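# Breakdown of the fold
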Amino acid sequence: MIKKLKIMFLLLFTVAFAQAQTGVTGTVTDINGYGIPTVNVVEKGTSNGTTTDFDGNYTLNVSDGAVLVFSYVGYETKELSVDNTTNFNVTLTSGEALDEVVLVGSRTAPRSNVNSALPIDVVGVKELTSTGQPTFDKALQYRIPSFNTVQTPVNDATSLLDPYEIRNMGPSRTLILINGKRKNLSALLYTQTSPGRGETGADISAIPTDAIKRVEILRDGASAQYGSDAIAGVMNIILKDNANFGSATLRSGITSEGDGEMIGIAVNNGSIIGDNKGFINYTIDFSKTNLANRPGTVDAEGEAGDFGADLADVQEFLSRNPDANNINGSPETAASKFLINSGLDLNDNTDLYFNAAYVYKRVNSFANYRTPYWRTVDEYPYLADFFPGENPNNAGGYDGYVPTFEGLLNDYNGTVGIKTKINDWNIDLSYTTGGNTQTYTVSQSHNRNEVYGVSYNPETDEFEATPLYQANSQQSFDPGGTKFTHNVGNIDISRVLSDKVSIGFGAEFRNETFEVIEGELASYDGGGADSFAGNSPENSGKFNRYNIGGYFSLDYDVSDAFLLSGTIRTENYSDFGNTFVYKFSTRYKLTDNLTARASVSSGFRAPTLHQIYTQKAQYSFIPGQGIQVGGLINNVSTQAKLLGIPELDAETSNNFTIGFGGKLANNLTFTVDYYNISVEDRIVLGSEISATGDPTNPLDILLTNNNLSDVSFFSNAIDTRTSGIDLVLSKKNISIGEGDLDLNLSGNYTIQNERDGDVKDIALVANAGQSVVNATQEALFFTSRPKSKWILGANYDINKFGFSLNNTYFGKTTFKQQGMSDDLRTEFIPKIVTDLGINYNASEKLTLSLNVNNLLNVLPEWEFKAENAAGEAILADPAATKNQSNLITFNQRYSQMTYDGYHFSQLGTMFNLSLNYKF
């Protein structure tokens with residue numbers, strides 16, 4: 001019976017592969033020759049279909065003799081028979097230009113990208129999925145040159161999501177929209193010494209890729225249009241709205257090292273509501289990724305020096321555990337994602353729309369391993385029984401322990417709104433809510449502090465001191481977490497007043513709440529759980545604010561070629577007052593196919609509630625001293641007033657952009673844009689400030705009373721300037737044999753990214769000869785992302801096969817790590833990461849895809865560079881060089897990427913296989 005089933009399966013599989021299919025390609029344009037995006041292209045009488053990309057291009061496998069139906073709102077529907085031709089270029093007429101895709105960046109009546117005065121990247125879902133990357137943010141990393149994200153070297157709370165940024169400006173300065181509405185921020189504040197330090201952003205990794213129709217990235221300041229956080233740009237994620245098609249995708253993957261196994265399944269489908277009066281589209285996505293570990297070989301001499309241990313004991317342990325049992329790769333992750341997008345025509349002029357999403361994510365990661373010479377049985381004798389080991393050379397068999405860090409993330413967002421048209425006025429009313437909660441569990445740890453409680457002994461009739469921790473400590477802790485929610489109300493009104501003038505105006509009300517969730521007593525008492533201290537009552541609580549803003553926009557077509565656009569905005573915040581910003585942009589068509597554009601704007605970014613109110617103890621690596629406990633002081637605390645730390649104010653900015661774009665002969669298109677962004681009063685989480693040596697100094701008193709090695713705090717410490725060039729070059733539909741080849745080259749080059757003027761240190765820090773912005777901080781802000789990044793891609797479709805080859809160049813990245821000699825710097829060597837993708841359309845419904853990411857197994861590499869003659873002398877001495885290397889890699893634990901970061905994944909080659917079945 002089993003044999004017969006196998007034979008039947010093979011026969012069915014063969015039939016599916018052998019069905020007569022024709023690969024049809026083409027471009028859908030309007031009467032002016034411009035490509036129309038998202039046109040439905042359907043094989044008549046079936047559910048087999050696709051939509052055009054942003055340039056109007058499409059590819060579809062259909063049965064021999066099929067009839068293609070081309071339809072789009074506002075345009076006539078066309079039907080064409082497939083005979084012996086495989087290329088159909090279609091022109092749709094009777095369309096209204098104002099029905100084209102609404103692009104991020106304009107608040108007046110909608111306008112197509114061809115007429116846009118702003119630099120906008122549009123990435124379709126096909127381009128995202130073709131990367132083979134498991135999450136949306138990592139897919140963008142290999143599609144948008146100015147977008148960067150990479151996993152932080154030290155996990156704990158940051159394992160739940162990685163910091164990202166556009167144009168090296170940090171995650172806080174890019175606004176994330178979903179269908180044009182603001183996405184909630186994450187509850188996480190990045191506090192590790194790594195890129196993104198001191199900032200927070202929305203959790204874009206939580207958005208299921210299968211739910212995305214396209215992504216619009218506005219590479220320009222847009223505070224006037226959208227409010228705070230839009231200094232570097234805006235990312236607008238457009239959700240799928242197809243009611244006729246669906247698909248199920250099974251994904252799997254593994255690294256070339258045999259770890260990091262991934263399995264996932266996603267279903268996207270849609271349905272028509274009523275008598276074709278609306279649609280509903282939904283996505284369900286489940287995934288599981290196993291641990292991938294990339295530790296280094298730990299140096300014995302460095303360990304002995306850091307921990308004051310006997311070298312022989314260190315060597316004995318490392319002889320059995322060369323990596324000191326450290327786990328510092330990619331953590332184990334399980335995620336469930338649900339998303340729904342819907343719209344309903346209430347009448348000829350009114351539409352109801354809504355979307356909602358929920359994400360559940362669990363991450364298991366690890367702290368640095370506590371070796372037996374680090375947490376010794378001489379210092380803590382109970383450890384031999386508390387964490388028994390297998391080492392016969394140590395008393396009691398104690399061989400160290402590794403605290404685990406288990407993170408739980410819940411993220412939700414939803415929008416409901418009505419769009420209507422009254423007397424030619426377009427009105428959009430909406431309400432948006434969203435939230436992100438992150439809670440943690442620390443296990444296989446203990447509270448090693450000498451803290452006593454008082455208990456009554458009835459036998460002696462006396463009160464006695466009872467040890468609460470150390471040998472009596474629990475091993476699993478609830479340290480609490482953080483939560484962020486917002487509620488946003490919007491009204492947006494626009495109208496075309498004439499063939500030359502369009503206006504738009506509106507208002508937004510937003511309420512935000514940030515909560516620090518209190519941990520259990522043992523997690524913070526007396527120093528708290530080893531590796532990750534909990535939130536104490538005095539550092540916990542709910543904090544909120546509200547703001548209301550309004551804007552007015554005007555577009556004036558001086559002529560068919562010349563467009564002027566302007567927006568002004570005012571906002572009032574409950575916690576720091578009023579702000580006024582503006583933006584002016586222009587576009588001039590030099591020819592029918594060549595356009596020049598420019599914009600100038602002011603901007604602002606309110607400090608997040610996370611930055612204002614976070615206060616906690618922080619475990620971190622101090623070069624030469626191992627792991628120490630430092631303190632983060634918030635700006636409204638008693639401690640801040642004692643030290644003279646001022647409250648935070650908003651950042652302000654000025655942006656200038658000028659660029660050119662065009663469509664040349666032979667399907668060659670290009671855009672090139674120069675940008676210049678200056679930020680005043682930039683908010684930074686400063687470097688760790690240590691004791692002055694004066695026991696009467698308020699800072700020294702604070703450190704001593706709280707058993708802290710140092711303190712850090714937020715401040716409006718610096719002014720910065722960032723400038724660069726973005727380039728996009730594309731040539732499509734190059735006929736080679738029986739197939740078509742598309743080529744694209746895109747890049748970002750940073751010309752300037754630096755501090756402008758002196759650091760604004762408070763007197764206490766300056767008088768102690770220290771600064772909140774030292775060389776390490778400057779490197780994290782300005783040089784910790786590639787100076788240049790280029791993506792060269794090729795896509796070739798032939799018959800049932802599709803091939804893609806993408807090469808991503810990660811340029812020079814420079815660090816000045818904490819503890820390293822000022823006479824040296826580290827530079828990550830430029831590298832090219834090559835990704836290969838192969839698709840096979842087995843039938844009109846079934847597609848198999850193989851992606852080999854990092855095909856050539858390219859890994860990050862760094863080297864020391866001398867700043868002067870003293871640095872050259874260090875590099876000439878092998879022992880001195882080794883010591884410097886130990887300082888920045890925690891004695892080689894993080895030898896591949898250093899303790900402070902790196903510029904692309906350290907996991908090497910990854911194989912991903914997926915199967916997509918269309919409904």
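Given the structure is predicted, the values throughout are model-derived calculations rather than measurements.

## What to know about the overall build of the protein chain
Counting its regular elements, the protein chain contains 15 helices and 44 strands. Within the span of the protein chain, comprising 919 residues, buried residues form 57% of the whole. Partitioning the intrachain contacts of the protein chain with sequence separation of at least 6 by distance along the chain shows that 70% fall at a separation of at least 24. Accessible surface, the protein chain as shown: approximately 36,200 Å² in total, 55% of it carbon and sulfur.

## Describing the pattern of salt bridges
This structure, assessed with the given rule, holds 46 salt bridges. Ionic pairing is found between Asp220 and Lys583, a salt bridge with its closest N-O pair at 2.8 Å. With Asp220 in the loop between strand 13 (212–218) and helix 4 (223–226) and Lys583 in strand 28 (residues 577–591), this pair connects stretches of sequence that are 363 residues apart. You'll find Asp220 and Lys583 in the same group, each marked buried. Residues Asp530 and Arg370 are paired through a salt bridge, measuring 3.3 Å at the closest nitrogen-oxygen approach. Of the two residues, Asp530 sits in the loop between helix 8 (521–524) and strand 26 (541–557) while Arg370 sits in the loop between strand 19 (350–366) and helix 7 (383–386), which places them 160 residues apart along the sequence. No difference in accessibility class separates Asp530 from Arg370, as the two residues are buried. Connected through shared salt-bridge partners, Asp121, Arg167, Arg219, Arg597, Asp673 and Asp726 make up one network.

## Things to note about the packing of aromatic side chains
Counted according to the given criterion, the structure contains 31 aromatic pairs. When the centroid spacing of 4.2 Å and the interplanar angle of 5 degrees are considered together, the rings of Phe543 and Tyr613 count as stacked. One end of the pair, Phe543, is in strand 26; the other, Tyr613, is in helix 9 (residues 609–613), with 70 residues separating them in the sequence. When sorted by exposure, Phe543 lands in the same class as Tyr613, which is buried. Ring plane angle 20 degrees and centroid distance 4.7 Å describe the contact between Tyr573 and Phe576, whose orientation is recorded as stacked. Take Tyr573 and Phe576: they sit in the same class, and that class is buried. Among the aromatic residues, those joined into a cluster by ring pairs are Phe307, Phe317, Tyr369, Tyr373, Trp374 and Phe890. The ring centre of Tyr675 lies 3.7 Å from the NZ or CZ of Arg167, which sits over that ring.

## Describing the side chain of Asn436
With respect to the secondary-structure elements, Asn436 resides in strand 21 (residues 425–443). On the basis of relative accessibility, which here comes to 0%, the residue Asn436 falls in the buried class. There is a polar contact of 2.8 Å between the side chain of Asn436 and the side chain of Asp411. Here Gln438 takes part through its side chain, which lies 3.1 Å from a polar atom of the side chain of Asn436.

## Quick notes on the confidence of the model for the protein chain
For any part of a model where pLDDT is low, the fine detail of the predicted coordinates should not be relied upon. Per-residue confidence for the protein chain gives a mean pLDDT of 86, with 90% of residues at or over 70. Confidence over residues 109–115 falls short of pLDDT 50; this stretch has 23 contacts with residues more than four positions distant or in other chains.

## What about helix 11 (residues 698–705)?
What helix 11 keeps buried is the set Leu699, Asp700, Leu702 and Leu703. The buried residues of helix 11 all sit within an arc of 160 degrees when viewed along its axis, so they share a single face. For helix 11, the exposed residues lying more than 90 degrees away from the buried face are Thr704 and Asn705.

## Examining a nonpolar patch on the surface
On the surface, a nonpolar cluster with roughly 1,000 Å² of combined accessible area is contributed by Leu250, Ile263, Ile265, Tyr282, Ile284, Phe286, Phe338, Tyr358, Tyr412, Leu915, Tyr917 and Phe919. When residues of the nonpolar patch are traced back to their parent elements, those giving at least two are strand 16 (262–273), strand 17 (278–289) and strand 44 (910–918). Topologically, Phe338 is positioned in strand 18 (residues 332–347).

## Quick word on the sheet that holds strand 14 (residues 233–239)
Sheet strands pair via backbone hydrogen bonds, and the direction of the pair is either parallel or antiparallel. Taken in spatial order, the 5 strands of this open sheet run 8-13-14-11-12, and their pairing is mixed. This sheet does not close on itself; its edge strands, each paired only once, are strand 8 (120–124) and strand 12 (181–182). Summarising the sheet, strand 11 (residues 174–178) and strand 14 pair through 5 bridges and their orientation is parallel. Paired with Leu175 across the two strands is Val234, which belongs to strand 14.

## Concerning the sheet that holds strand 40 (residues 824–828)
Strand order in this open sheet of 3 strands is 39-40-43, and the pairing throughout is antiparallel. For this open sheet the edge positions go to strand 39 (813–815) and strand 43 (862–866), each flanked by a neighbour on one side alone. Direction aside, the axes of adjacent strands within the sheet are offset by 30 degrees on average.

## Description of helix 15 (residues 878–889)
Over its 12 residues, helix 15 extends 16 Å from the first C-alpha to the last, a length consistent with the 16 Å expected when each residue adds 1.5 Å. Capping the start of helix 15 is the job of one residue whose side-chain oxygen sits 3.1 Å from the backbone nitrogen of Ala879: Asp877. Among the residues trailing helix 15, Phe890 stands out with phi positive, at a value near 50 degrees.

## Some thoughts on the nonpolar core
Membership of the largest hydrophobic core comes to 28 residues, with the highest contact counts inside it found for Val314, Phe317, Leu318, Tyr373, Phe864 and Phe890. Of all the elements in the fold, those that place two or more residues in this core are helix 5 (300–307), helix 6 (311–320), strand 40 and strand 43. The next biggest cluster of nonpolar side chains, apart from the first, holds 23 residues, and it includes Phe147, Ile166, Val215 and Ile237.

Criteria and cut-off values
Residues numbered from 1 in each chain as written. Predicted model: local features only at pLDDT ≥ 70, side-chain atom pairs only at ≥ 80, totals over all residues. Heavy atoms only, no water. Helix = DSSP H or I, 4+ residues; strand = E, 2+ residues; numbered from the N terminus. Buried < 20%, exposed > 50% of the residue type's maximum accessible area, 1.4 Å probe, protein only. Contact = heavy atoms within 4.5 Å. Areas by Shrake-Rupley, 256 points an atom, 1.4 Å probe, with all protein chains shown as cover. Salt bridge = Lys/Arg side-chain N within 4 Å of Asp/Glu carboxyl O. Phe/Tyr/Trp six-rings, centres within 6.5 Å; stacked < 30°, edge-to-face > 60°. Lys NZ or Arg CZ within 6 Å of the ring centre and 35° of its normal. Polar contact = N/O pair within 3.5 Å; in protein donor to acceptor, adjacent residues only side chain to side chain. pLDDT = per-residue confidence, 0-100. Arc of directions from axis to C-beta. Patch = residues over 30% accessible without salt bridge, like charges linked within 9 Å, V, L, I, M, F, W, Y side chains within 5 Å. Pairing = 2+ DSSP bridges. Axes fitted to C-alpha atoms, helices over the stretch in contact; angles between N-to-C directions. Expected span 1.5 Å × (residues − 1). Core = buried A, V, L, I, M, F, W, Y, C linked by side-chain atoms within 4.5 Å.

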